Amino acid sequence: MSPERIDKLATTIILGVAGLVGLVVLSLLIYILALGIPHISWHFLTSEAESFAAGGGIRDQLFNSLYLVVLTLIVSVPLALWAAIYLNEYAPDNRATRLLRLAIEVLSSLPSVVVGLFGYLVFVLKFGMDFSLLAGALALTILNLPILNRSCEDALRQVPYLQRQAGLGLGMSKWQVTTKIVLPAALPGIITGAILSAGRIFGEAAALIYTAGQSAPLISYTDWNPFSPTSFLNPMRPAETLAVHIWKVNSEGLVPDARAVSNGSAAVLIITILLFNLVARYVGHRIKRHLAK
């Protein structure tokens, strides 16, 4: 068989497999949205969940998920960015650095339930945080750090080395080159990676069952005191997220409309994650255009 035919055959097989995978994913998304969208309403999004009666909503679970994303990013983005700056700009290529990269790769392969059990033993029991949003955010930070670190490091690596040499040639220090030249140029990729990681945080469930908890206590959206037990801003309160709510309704839900609540919640979860991805691409594109001017 001629090389041209082999190349054509390989291209056809690759495109066919890629198309099949895309079709499966698209079919799954359409199936979830078709089942869930009819159950989504303003009442469903803004009312409290019910334990026994029908007609409950997901107001608190939706807010808890978004609030948890914010808390996790506040903790994980600085850690991942500093680690990426060290590994890409300062770390020598030696055994210690290679061991550190290997540790990051191993951390990225940990199952989320293992991270959840670790968070339960360390944050909930050892540090006495109990089931809380903060314990969940710290557990998700462990889960999120490898991916976020890799995206930040890739963004820094894409900055041409000539820009660094130009800065050093002008008499700037290494730190000045990193903060005034490299970081601004890598900012679109860093922000895009952070927003994309927010989608994974939003959809996480296993790690939060053991750290943030499965209960949804009554909270007041008019209480702005973060130290109040009923404040919606209190990071030390237990909080059931949307993904945990879907699992709980499907596994032990007692409400008559459990199937409708589960389908509607799943559709909201998928739509929100899609929005995270679209916003990430839009923000990255806008920042690139702004920096190019």
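Please refer to the structure placed before this passage.
My aim in this report is to walk through the structure given alongside it, one point at a time. Note that the structure is a prediction, hence the values are computed from the model and not measured. For every chain, the first residue of the written sequence is number 1, and numbering continues from 1 onward in sequence order. Note on the predicted model: pLDDT of at least 70 is required for a residue's local features to be given, and 80 or more for side-chain atom pairs to be given and counted; whole-chain, interface and lining totals, by contrast, use all residues. Think of the side-chain values as coming from all heavy atoms in the structure, minus any hydrogens and water.

### Topic: the overall build of the chain
Stated formally: Helix and strand labels come from DSSP, where a helix needs a run of H or I of at least four residues and a strand needs a run of E of at least two; each type is numbered from the N terminus. Throughout, exposure labels follow a simple rule: accessible area from a 1.4 Å probe, protein chains only, divided by the maximum for the residue type, with under 20% read as buried, over 50% as exposed, and the rest as partly exposed. Should any heavy atoms of two residues lie within 4.5 Å, those residues are considered in contact. All accessibility values rest on the Shrake-Rupley procedure with a 1.4 Å probe; residue burial counts only the protein chains present in the view. Positive charges are assigned to Lys and Arg, negative charges to Asp and Glu, while His and the chain termini are left out of the count. We put the charge of a Lys on NZ, of an Arg on CZ, of an Asp on CG and of a Glu on CD.
From N to C terminus, the chain includes eleven helices and zero strands. Within the chain, the fraction of its 293 residues that count as buried is 39%. Counting only contacts in the chain whose residues sit at least 6 apart along the sequence, the fraction spanning at least 24 positions is 75%. With an accessible surface of roughly 16,400 Å², the chain has 69% of that area assigned to carbon and sulfur atoms. Charge centroids of the chain, computed over 21 positive and 16 negative side chains, lie 12 Å from each other.

### Some words on the packing of aromatic side chains
So the rule is basically this: Aromatic contacts are taken between Phe, Tyr and Trp rings whose centres are within 6.5 Å, Trp giving its six-membered ring; a plane angle under 30 degrees counts as stacked, one over 60 as edge-to-face, and the others as tilted.
Counted according to the given criterion, the structure contains ten aromatic pairs. Here the aromatic rings of F63 and Y221 are separated by 5.5 Å at their centres, their planes lie at 85°, and the arrangement is edge-to-face. Residue F63 is found in helix α3 (residues 59-90), and its partner Y221 is found in the loop between α9 (206-209) and α10 (242-252); the two are separated by 158 residues along the sequence. Judged by its relative accessible area of 22%, F63 falls in the partly exposed class. Three or more aromatic residues joined by ring pairs make a cluster, and in this case those are F63, Y67, Y221, W224 and F232.

### Remarks on the nonpolar core
Note the following rule: Buried Ala, Val, Leu, Ile, Met, Phe, Trp, Tyr and Cys residues that are joined via side-chain atoms within 4.5 Å together make up what is termed a nonpolar core.
Ranked by size, the top nonpolar core spans 36 residues in total, and within it L68, L133, L140, F202, L208, L242 and V268 carry the most contacts. Listed by contribution, the elements that provide at least two residues to this core are α3, α6 (133-157), α8 (174-202), α9, α10 and α11 (258-292). In terms of residue count, the dominant contributor to this core is α11 (seven residues). In this structure L68 touches L133, G136, A137, L140, I201, L208 and T241, once residues within four positions along its chain are discounted.

### As for the packing of α6 against α8
Helices that pack against each other are described as a pair by the angle of their axes relative to one another and the distance between those axes. As a reminder of what qualifies: Note on method: axes are straight lines fitted to C-alpha atoms, helices fitted across the in-contact stretch only, with angles between N-to-C directions ranging 0 to 180 degrees. Comment on the angle field: the value is read as roughly parallel under 35 degrees, roughly antiparallel over 145, roughly perpendicular from 65 to 115, and oblique elsewhere. The handedness criterion is simple: a crossing whose near helix is rotated anticlockwise from the far helix by less than a right angle is left-handed, and one whose near helix is rotated clockwise is right-handed. Amino acid classes used here: Ala, Val, Leu, Ile, Met, Phe, Trp, Tyr, Cys and Pro are nonpolar; Asp, Glu, Lys and Arg are charged; the rest, including Gly, are polar.
Contact geometry of α6 with α8 gives a least axis separation of 8 Å together with a crossing angle of 150°. It follows from the interaxial angle that α6 and α8 lie roughly antiparallel. Between α6 and α8 lies a crossing of right-handed hand. Contacts between α6 and α8 involve L140, L143, N144, I147, L148, S151, C152, A155 and L156 on the former and, on the latter, V182, L183, A186, G189, I190, G193, A194, S197, R200 and I201. Partitioned by chemical class, the residues of the contact of α6 with α8 number 13 nonpolar, five polar and one charged.

### What to know about the pattern of salt bridges
Worth spelling out the cut-off: We define a salt bridge as a side-chain nitrogen of Lys or Arg found within 4 Å of a carboxyl oxygen belonging to Asp or Glu.
According to the stated counting rule, one finds ten salt bridges in the structure shown. Across the pair E89 and R164 runs a salt bridge whose closest N-O atoms are separated by 2.7 Å. On the criterion of sequence distance, the pair formed by E89 in helix α3 and R164 in helix α7 (residues 161-169) is long-range, its members being 75 residues apart. Per residue, the accessibility class of E89 equals that of R164, and both read buried. The salt bridge partner of E89 is K174, with a shortest N-O separation of 3.9 Å. On the criterion of sequence distance, the pair formed by E89 in helix α3 and K174 in helix α8 is long-range, its members being 85 residues apart. On the accessibility criterion, K174 (35% relative accessible area) is partly exposed.

### Some words on unusual backbone geometry
Backbone geometry at D130 places phi at a positive 60°, although glycine is not the residue there. Along the chain, D130 turns up in the loop between α5 (112-126) and α6. On the basis of relative accessibility, which here comes to 51%, the residue D130 falls in the exposed class.

### A few points about α6
Just so we agree on the cut-off: Working rule for helices: expected span equals 1.5 Å times residues minus one. Bend, in this description, refers to the angle at a residue between axes fitted to the seven residues ending there and the seven starting there.
An ideal rise of 1.5 Å per residue puts 36 Å on 25 residues; α6 measures up with 34 Å between its terminal C-alpha atoms. The axis of α6 is deflected most strongly, by about 45°, at N144, and proline P146 appears within four residues downstream.

### What about the side chain of S228?
Inspection of the secondary structure assignment puts S228 in the loop between α9 and α10. Contact partners of S228, with chain neighbours within four places excluded, come to D223 and N234.

### What about the environment of N277?
Summarising the element assignment, N277 is placed in helix α11. When the C-alpha atoms of N277 and A198 are compared, they prove to be 9.1 Å apart, with 79 residues separating the residues in sequence.

### Digging into the environment of W175
The residue W175 is located in helix α8 in this model. Each C-alpha atom, one on W175 and one on I6, is 51 Å from the other, the two residues being 169 residues apart in sequence.

### Thoughts on the side chain of S65
So the rule is basically this: Identification of polar contacts relies on pairs of N or O atoms within 3.5 Å, with a donor-acceptor requirement for protein atoms, meaning one able to donate a hydrogen and the other able to accept it, and with residues adjacent in sequence counted only if both atoms are side-chain atoms.
On the secondary structure map, S65 appears in helix α3. A polar side-chain atom of S65 sits 2.8 Å from the main-chain amide nitrogen of L242. Contact partners of S65, with chain neighbours within four places excluded, come to F202, T241 and L242.

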